[in-house]
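Survey of secondary and tertiary structure
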Amino acid sequence: MDEPGTAVPRSALPQAGQFALELTGVSRHFGALVAIADIDMTVRAGERRAVLGSNGAGKTTLFNAITGDFPPTSGRVRLFGEDVTYLPVHERIRRGLRRTYQISLLFGGLSVIENIFLACRGVGRGRFSLLRPRPDDGAMEMAETLLDAVHLDDRRDTPVAELSHGEQRQLEVALALSGAPRLILFDEPAAGLSPSERADLVEILQSLPPHIGFIVIEHDMDVALRVAERVTMMHNGRIFKQGTPEEIENDPEIQELYLGHGERGGGRA
Amino acid sequence: MFGAAGKSSAYPLGINPAILLVAVFLLGYPLFASDFFTFQIGAYSLILGTIALSLTMLAGYGGMVSLAQMTVAGFAAYVMAILGTNSVGVMGLGWPWWLTAAIAILGAALLSTFIGAISARTEGIYTIMITLAIAVAFFYFVRQNYVIFNGFTGFAGIEPPTLFGVYWRDPMPFYYLCLAVAAFFYFAVLYGSRSSFGLGLQAVRDNPRRVRALGINVFSHRVVAYFYAGAIAGTAGVLLVWFNGRVSPGLVGVDMVIDILVIAVIGGLGAPIGPFLGAVAFVLLENFAIDLIDRERFNTVIGLAFLLIVLFSPDGMLGLWRRAESRIRLPRANALWGARANRDDWHSASSPKRM
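Worth saying up front: this structure is predicted, and the values here are computed from it rather than measured.

1. Brief notes about the overall build of chain B
- The helix and strand inventory of chain B stands at 14 helices and four strands.
- Looking at chain B residue by residue over its 355 residues, the buried ones come to 49%.
- For chain B, contacts bridging at least 24 residues in sequence account for 74% of all contacts bridging at least 6.
- Accessible surface for chain B amounts to roughly 16700 Å². Of this, 68% is attributable to carbon and sulfur atoms.

Structure follows, in structure tokens:
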């Protein structure tokens, strides 16, 4: 694929040993319900991490705490060394954070290219411009590149409401790759995809430029363990285990809890 | 849609004949219409339509129903009276018309921005209530303030300039002035709907949470929309004070505030032509309902028309037109394509776009 997001400023490239994300004692309560509690987690710049766990384990809440959709009740969130705990969502996005949603959240009245263009424009200049973008506009050029990268070039001018579920998931990935992403949070990107679409997705994730790290929530262990360098297991709002995909796969406790005795790969967490 | 320009047009010269016909009609209208129809119906409809267009921009494209658009237009009208020339001996600083008009429009845009800054963090009924409260507060303020706004009486004797040897309040020149302003803003809104800002505004309307996750500041985007809408309403306010020759609290009263909403809704919020259709219907009813019913019952007629349209066509007159168009086209299509014509395709092709 083309390399979206390669035109990053030098200052945005990960430095050796720099953490893309540091969570310290992050908790999120909804009234009496504790969705996540005391999460300590670090993700290196450029690292690919999978977060696994059963439904209700707190994976999506963790993402919401990182992006600021639901700021943490307590704890600190640091992004590339900067404390962003109290920054609004759009400010975190402008610092290189991106996310996709469990259920595709797209703009159905706009076309595919308009959705991607908007994402490219959102992190760049000219958001308030009343002029229509020209083909040589930087954001438009990037949008065209991303369109090609996620294999939606033949659906360029199609209203998003008319896309299939799989195509909408691909478009979500394109939105996440817009601008100069440094850390992307993928929330169940393979949900509802056919086997061939999953293969496409894995290819897209594996071919991301090395400076782009990501955290992926995924129920499909096959997808998650193929794209991740490290895995974090969550249970009841807490981190339960962390390790390499092999360590997680071979951990007897996890096999007992999630994979069932004797099952390897392809199971559902 | 980007890149659509490259597609070949189905119409000769690339222009829809219906649009061409409307343009010719609007340009030639004063040549066959009486002064009354040119000025009281034509020009007034264009002015009200332009004010309602500012509401359509906010509500239709941005999902923000502001009831303060008439207040913004009225503010511009007051600025014209206060800084320019009036005949009541209060204020009337006598500044040149072009400077006064520029300040009036800019002031209106800034007032609208202020209203946006107050209301943009709210949604739905709360936006309506806040903007209504601001409109009512402004009405009572100008009615009770005699030092600047001359209270209940307001100002009279406010006239447009004589420029290039033309007195611009004569029916025909004034109509063309209003037509030029309305056409400018109509095409500006139409063009701007596909600009970076316009796409962002529609995205904010559809899903503010997702927009934030694209790096766009939803609050700022909404406030800037209020600024642009304020400039449109302010320009129409300048025309309105030249049309009336006077400005008083009645211009910014609750009745007028609601009238603008009615115009926008009965016309249809789905496209920038809607407010102009609504304005024509409103002004015709306002002028001729008296022939059908007592003048005191005028609002009953407007209310009934509003109810009927909302009940039978929630997307206003635009929706009625589109449904009628699809019914006319469908039998033709069946005749052309035979019994196997795909009805679903025809319906979807002509179904009103949300935006």
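After presenting the structure, the write-up continues.
2. Quick notes on the sheet that holds strand β9 (residues 230-235) of chain A
Residues and elements named next belong to chain A.
- Spatially, the six strands line up as an open sheet ordered β6-β7-β8-β3-β9-β10, and their pairing is mixed. Either end of the sheet is taken by a strand with one partner, and the two such strands are β6 (97-99) and β10 (238-243). Each strand of the sheet is rotated relative to its neighbour by a mean of 20°, with strand direction disregarded.
- As paired elements, strand β3 (residues 48-53) and strand β8 (residues 213-217) share four bridges and run parallel to each other.

3. Observations concerning the nonpolar core
- If you look at the biggest cluster of nonpolar residues, it comprises 87 residues, and the most contacted ones within it are L48, F174 and V247 of chain B.
- Per-element tally for this core: the top contributor is helix α2 (residues 35-61) of chain B, with 15 residues.
- Each residue touching L48 of chain B, except ones within four places of it in the same chain, is listed here: M256, I260, I263, A279, F282 and V283 of chain B.
- Judged by nonpolar contacts, the second largest core, of 56 residues, contains A50, V173 and M233 of chain A together with A203 of chain B.

4. Brief notes about the pairing of β9 of chain A
- Sheet topology places β3 of chain A next to β9 of chain A; five bridges connect them, and they run parallel. Looking across to β9 of chain A, one finds that R49 of chain A is bridged to R230 of chain A.

5. So, the interface of chain B and chain A
- Between chain B and chain A, the residue contacts involve 30 residues of the former and 35 residues of the latter.
- With both sides pooled, the region where chain B packs onto chain A buries about 3100 Å², and carbon together with sulfur makes up 63% of that total.
- Viewed at the interface, chain A and chain B are joined by three salt bridges.
- Measuring nitrogen to oxygen at the nearest pair gives 3.1 Å for the salt bridge that ties E114 of chain A to R194 of chain B.
- At the junction of chain B and chain A, the tally comes to 12 residue pairs in polar contact (both at pLDDT 80 or more).
- Counting residues per element, the ones that place at least two in the side of chain B that touches chain A are α6 (171-192), α7 (196-206), α8 (208-212) and α9 (218-244) of chain B.
- Among the elements that line the side of chain B that touches chain A, the one with the most residues is α7 of chain B, at seven residues.

6. Notes on the confidence of the model for chain A
Residue and element names in this part refer to chain A.
- Of all residues in chain A, 89% attain a pLDDT of 70 or more, and the chain-wide mean is 85.
- Note on residues 1-14: pLDDT is under 50 here. Beyond four places in sequence and across chains, it has 28 contacts.
- A low-confidence stretch, residues 262-269 stays under pLDDT 50, and its non-local contacts, those more than four residues away or across chains, total 13 contacts.

7. Side note on the pattern of salt bridges
Residue and element names in this part refer to chain A.
- Scanning the model with the defined rule gives 24 salt bridges over all chains in all.
- Linking R94 and E91 is a salt bridge whose minimum nitrogen-to-oxygen distance equals 3.9 Å. Of this pair, R94 and E91 are both found in helix α2 (residues 89-94), three residues apart, which corresponds to roughly one turn of the helix.
- Since its relative accessible area comes to 32%, R94 is described here as partly exposed.
- Relative accessible area serves as the criterion here: at 23%, E91 is assigned to the partly exposed category.
- Measuring nitrogen to oxygen at the nearest pair gives 2.6 Å for the salt bridge that ties D137 to R121. Placement of D137 in the loop between α3 (112-122) and α4 (138-149) and of R121 in helix α3 is noted, with a sequence separation of 16 residues between them. We note that D137, like R121, is buried.

8. Here's the deal with the packing of α3 of chain A against helix α5 (residues 165-176) of chain A
All names here are of chain A.
- The interhelical angle for the contact between α3 and α5, taken along N-to-C directions, is 25°, at an axis separation of 8 Å. Classed by the angle they form, the pair α3 and α5 counts as roughly parallel. Like other packed secondary-structure pairs, α3 and α5 cross with a definite hand, here right-handed. Residue-level contacts link V112, N115, I116 and A119 of α3 to L171, A174 and L175 of α5.
- Of the residues contributing to the contact of α3 with α5, the split by class is six nonpolar, one polar and no charged.

9. Let's talk about the packing of aromatic side chains
Residue and element names in this part refer to chain B.
- Applying the stated criterion across every chain yields a total of 27 aromatic pairs over all chains.
- For the ring pair F197 and Y228, a centre distance of 5.0 Å and an interplane angle of 85° mean the geometry is edge-to-face. With a gap of 31 residues between them, F197 in helix α7 and Y228 in helix α9 connect regions that are remote in the sequence.
- Exposure remark for F197: the relative accessible area of 2% places this residue in the buried category.
- Residue classification places Y228 among the partly exposed positions, given a relative accessible area of 21%.
- Counting every residue linked through ring pairs, the aromatic cluster contains F75, Y78, F138, F141, F149 and F155.
- The ring centre of F219 lies 3.9 Å from the NZ or CZ of R121, which sits over that ring.

Each value, and the rule that gives it
- Residue positions within a chain follow its written sequence, with the count starting from 1.
- Labels are handed out in written order, letters beginning with A for the chains and numbers beginning with 1 for the ligands.
- Per-residue local features are limited, in this predicted model, to residues with pLDDT of at least 70; the limit for side-chain atom pairs, both in listing and counting, is 80 or more; totals at the level of whole chains, interfaces and linings are taken over all residues.
- Water and hydrogen atoms play no part in the side-chain values, which are based on all heavy atoms of the structure.
- Here a strand is any run of E in DSSP of at least two residues, a helix any run of H or I of at least four, and the numbering for each starts at the N terminus.
- Note on classification: 1.4 Å probe, protein chains only; a residue is buried when its accessible area is under 20% of the maximum for its type, exposed when over 50%, partly exposed between these limits.
- Here, two residues are considered to be in contact whenever any of their heavy atoms come within 4.5 Å of each other.
- Throughout, the Shrake-Rupley method with a 1.4 Å probe supplies accessible areas, and for residues the shown protein chains are the sole cover considered.
- Any two strands with at least two DSSP bridges between them are considered paired.
- An axis is simply a line fitted to the C-alpha atoms; with a helix, the fit covers only the stretch in contact. Between two such axes, the angle follows the N-to-C directions and lies from 0 to 180 degrees.
- Each nonpolar core is a collection of buried residues, namely Ala, Val, Leu, Ile, Met, Phe, Trp, Tyr and Cys, held together in the definition by side-chain atoms within 4.5 Å.
- Accessible surface is computed with a 1.4 Å probe, and the buried area is the amount of it that two parts give up when combined, taken over both parts together.
- Take a side-chain nitrogen of Lys or Arg and a carboxyl oxygen of Asp or Glu: if they are within 4 Å of each other, that pair is a salt bridge.
- Distance and chemistry together define a polar contact, namely a pair of N or O atoms within 3.5 Å, with one atom able to donate a hydrogen and the other to accept it when in protein, and with adjacent residues in sequence counting only for side-chain atoms on both sides.
- pLDDT is a residue-level measure of predictor confidence that goes from 0 to 100.
- An angle counts as roughly parallel when it lies under 35 degrees, as roughly antiparallel when it exceeds 145, as roughly perpendicular when it falls between 65 and 115, and as oblique in every other case.
- Here a crossing is taken to be left-handed if its near helix is turned anticlockwise relative to the far helix by less than a right angle, and right-handed if that turn runs clockwise.
- Ten residues, namely Ala, Val, Leu, Ile, Met, Phe, Trp, Tyr, Cys and Pro, are considered nonpolar, four, namely Asp, Glu, Lys and Arg, are considered charged, and the remaining ones, Gly among them, are considered polar.
- Ring geometry is summarised as follows: Phe, Tyr and Trp rings, the Trp one being its six-membered ring, pair when their centres sit within 6.5 Å, and such pairs are stacked at plane angles under 30 degrees, edge-to-face over 60 and tilted between the two.
- Counting as a charge over the ring demands two things of the Lys NZ or Arg CZ atom: a distance within 6 Å of the ring centre and an angle within 35 degrees of the ring normal.

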